[in-house]
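An overview of the molecular structure
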Amino acid sequence: MDYRTLGRSSLKVSPICLGGNVFGWTADEATSFSILDAWLDAGFNFVDTADVYSRWAPGHTGGESETVIGKWLARAGSKRDQLILATKCGMNNADGKPDLKPATIRQAVEDSLRRLQTDRIDLYQAHRDDEATPLEETLETFGALVKEGKVRVLGASNYTAPRLRQALETSRHLGLPRFESLQPLYNLYDRAVFESELEPLCREQGIGVISFYALAAGFLTGKYRKPADAASSPRGRNTVDKYLNDRGLRILKALDTVAARTRGKPGQVAVAWLLARPAVTSPIASVSSLEQLKELEATLRIKVSAEDIALLDQASAQ
């Protein structure tokens, strides 16, 4: 396994990160346990979740994913030391607005530690930028958590390039631990914002990138090729509305071509493309079954050539 250093931290993470948004939602507890067991058994070590997962589901209030992971950790015992566990704070509230006030962060980390049944969080991330709270207050609180040993490394999610740069400069000025990772939306379809604004900054500053929606909410697996393919799924219909257009079909055609050459599947090729990007440390992908997990694990065996990359880049150009 080719483990990668996350930013300038000491964390060594597997080249793919398992998304935990499905745990306790589309993957029930037993399935989630089996996925997590198989993930570690295959040599991967990186799992990402958030305190807000899965608040959007009927009857859920947030924290469901963390609770499932915590129960698994309690059962797994010694496996905690094999795991690089990432979670996020700042969005688990009723109004859906980012909140990174010191008191909110303090309460959130204690709640996450309790649900996860662990004494530390390896990567603790600001889920979304809270421009209403001074960066100094947010970063000082995060820094205190690192000093107290409750958090090992800090990261940001959904930050713009100007605000990420400002946060890095503020941490440097105040002598505080900085954000070592960024979790942006980035995949073969969603390229423009990251590549034009965030990628140069991350490479300049040595920030690790753990991109989410690696498979564009399932679209890049090729399972949505016409509107009828998503007829029974609200999530699928949203995916079709966003991605099923001329450009999306062009991308799927290129993925099919490369998949045939590499004897892989479109989704595997899409993740392999991300792995080949110089700024990406560990793309995040979610699975709801062991069958999907095996496909994801096999991605590391997909070898895309320079010609393949050029074909995919051309098909996905905007």
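So, how was this worked out
- Residues numbered from 1 in each chain as written.
- Predicted model: local features only at pLDDT ≥ 70, side-chain atom pairs only at ≥ 80, totals over all residues.
- Heavy atoms only, no water.
- Buried < 20%, exposed > 50% of the residue type's maximum accessible area, 1.4 Å probe, protein only.
- Helix = DSSP H or I, 4+ residues; strand = E, 2+ residues; numbered from the N terminus.
- Pairing = 2+ DSSP bridges.
- Right-handed = clockwise from strand over helix to strand, strands pointing away.
- Core = buried A, V, L, I, M, F, W, Y, C linked by side-chain atoms within 4.5 Å.
- Contact = heavy atoms within 4.5 Å.
- Phe/Tyr/Trp six-rings, centres within 6.5 Å; stacked < 30°, edge-to-face > 60°.

**A word on the pairing of strand E7 (residues 151-157)**
One face of the sheet, then the other: side chains in a regular strand alternate in exactly this way. Most of E7 is tucked away: 6 of the 7 residues are buried. Sheet topology note: the strand E6 (residues 121-126)/E7 ladder contains 5 bridges and is parallel. Directly across from Ala126, in E7, lies its bridge partner Ala156. After leaving E6, the chain enters helix H4 (residues 135-147) and then returns to the sheet as E7, a path that is right-handed.

**A word on the nonpolar core**
Across soluble globular proteins, nonpolar side chains have a tendency to be buried as a group. Judged by nonpolar contacts, the single largest core of 85 residues is most densely connected at Leu18, Phe23, Tyr124, Phe142, Leu164, Phe179 and Leu255. Ranked by residue count, the leading element in this core is helix H9 (residues 266-275), at 7 residues. Filtering out sequence-adjacent residues up to four positions away, Leu164 remains in contact with Ala156, Tyr159, Phe179, Leu182, Leu198, Leu201 and Cys202. If you look at the next biggest cluster of nonpolar residues, it comprises 12 residues, including Leu6, Val13, Cys17 and Ala86.

**Here's the deal with the packing of aromatic side chains**
A complete count under the given rule lists 11 aromatic pairs for this structure. Judged by centre distance (4.1 Å) and plane angle (15 degrees), the ring pair of Trp39 and Phe44 falls under stacked. Assessed through its relative accessible area of 0%, Trp39 is described here as buried. With a centroid separation of 6.3 Å and 65 degrees between ring planes, the pair formed by Phe142 and Phe179 is classed as edge-to-face. With Phe142 in helix H4 and Phe179 in strand E8 (residues 179-183), this residue pair connects regions lying 37 residues apart in the sequence. Comparing Phe142 with Phe179, the two get one shared label, buried. Through a chain of ring-to-ring contacts, three or more aromatic side chains come together here, namely Tyr124, Phe142, Tyr159 and Phe179.

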